Amino acid sequence: MTVNTGARVFQPHIRRRARERALQFLFGLDFTGYAPKDVLGLFWEMCPSRLSVRGYAERLIRGVLNHKSELDATISERLKNWRLERVSAIDRNILRIAIFEILHGDDVPPKVAINEAIELAKQYGSDDAPRFINGVLDTICRTRS
């Protein structure tokens, strides 16, 4: 399915794949501590992707890294009796990507960002991850309206 947004035409599966790649890269950074600019090229060598996927994935990666403090604070504010450090690295990065799209993405409706995050959680997270991700993101959307 192709969606025409007026100025741009994109295919949802490209963005889904880009979100997966962004998640994989950000997850890896959490464990290695490497400088993103030092390993991004190597990541693309190991995970070849279409240019359209790479473009959107890099937009997400840059956005998450540039707004990481704000994104983490937004997540932390919504956690009850839980610290951000206790949230799994997968869930934490899924939330960062989705919150970046919700707060800073001008072409992604919040409901789409939430749905995509839930799909990532189903694929990469624990059994409880989709419900957890949905709860945090739903709270963020309700409080910002």
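Worth saying up front: this structure is predicted, and the values here are computed from it rather than measured. (Residues numbered from 1 in each chain as written. Predicted model: local features only at pLDDT ≥ 70, side-chain atom pairs only at ≥ 80, totals over all residues. Heavy atoms only, no water.)

Caption draft 1: Geometry of helix 6 (residues 110–124). Here helix 6 spans 21 Å end to end across 15 residues, near enough to the 21 Å set by a 1.5 Å rise per residue. Taken residue by residue, helix 6 has A113, I114, E116, A117, I118, L120 and A121 as its buried positions. Buried residues along helix 6 sit against helix 1 (12–32), helix 5 (89–104) and helix 7 (129–144). (Helix = DSSP H or I, 4+ residues; strand = E, 2+ residues; numbered from the N terminus. Expected span 1.5 Å × (residues − 1). Buried < 20%, exposed > 50% of the residue type's maximum accessible area, 1.4 Å probe, protein only. Contact = heavy atoms within 4.5 Å.)

Caption draft 2: Highlighting the side chain of N93. Its location among the elements puts N93 in helix 5. Those residues within four positions of N93 in sequence are excluded, and the remaining contacts are L23, L26, F27 and D30.

Caption draft 3: Geometry of the nonpolar core. In this structure, F25, I94, L95, I97, I99, I133 and L137 are the most contacted members of the largest nonpolar core, which totals 44 residues. Of all the secondary structure elements, the ones that give two or more residues to this core are helix 1, helix 2 (36–46), helix 3 (51–66), helix 4 (68–78), helix 5, helix 6 and helix 7. Aside from chain neighbours lying at most four places away, what touches I97 is R19, A22, L23, L26, L60 and V64. (Core = buried A, V, L, I, M, F, W, Y, C linked by side-chain atoms within 4.5 Å.)

Caption draft 4: Looking closely at the pattern of salt bridges. For the structure shown, the criterion picks out 18 salt bridges. For R16, the salt bridge identified is with E116, shortest N-O distance 2.8 Å. With a gap of 100 residues between them, R16 in helix 1 and E116 in helix 6 connect regions that are remote in the sequence. On the accessibility criterion, E116 (9% relative accessible area) is buried. Linking R19 and E116 is a salt bridge whose minimum nitrogen-to-oxygen distance equals 3.5 Å. Separated by 97 residues along the polypeptide, R19 in helix 1 and E116 in helix 6 bring together distant segments of the chain. As far as the burial class goes, R19 and E116 line up, both buried. Through salt bridges with shared partners, a single ionic network connects R15, R59, D106 and D107. (Salt bridge = Lys/Arg side-chain N within 4 Å of Asp/Glu carboxyl O.)

Caption draft 5: Representation of the packing of aromatic side chains within the structure. One pass over the full model with this rule turns up 3 aromatic pairs. For the pair F27 and F31, a centre-to-centre distance of 4.9 Å together with 65° between the ring planes defines the contact as edge-to-face. One end of the pair, F27, and the other, F31, are both in helix 1, 4 residues apart, so they sit about a helical turn from each other. Among the residues examined, F31 registers a relative accessible area of 60% and is labelled exposed. Taking 5.0 Å as the distance between ring centres and 70° as the angle between the ring planes, the aromatic pair formed by F43 and W44 counts as edge-to-face. Considered together, F43 and W44 belong to a single accessibility category, that of buried residues. Grouped by ring-pair contacts, the aromatic residues F25, F43 and W44 constitute a single cluster. Sitting over the ring of Y56, R15 keeps its end group 4.2 Å from the ring centre. It is R86 that lies over the ring of W82; its NZ or CZ is 3.8 Å from the centre. (Phe/Tyr/Trp six-rings, centres within 6.5 Å; stacked < 30°, edge-to-face > 60°. Lys NZ or Arg CZ within 6 Å of the ring centre and 35° of its normal.)

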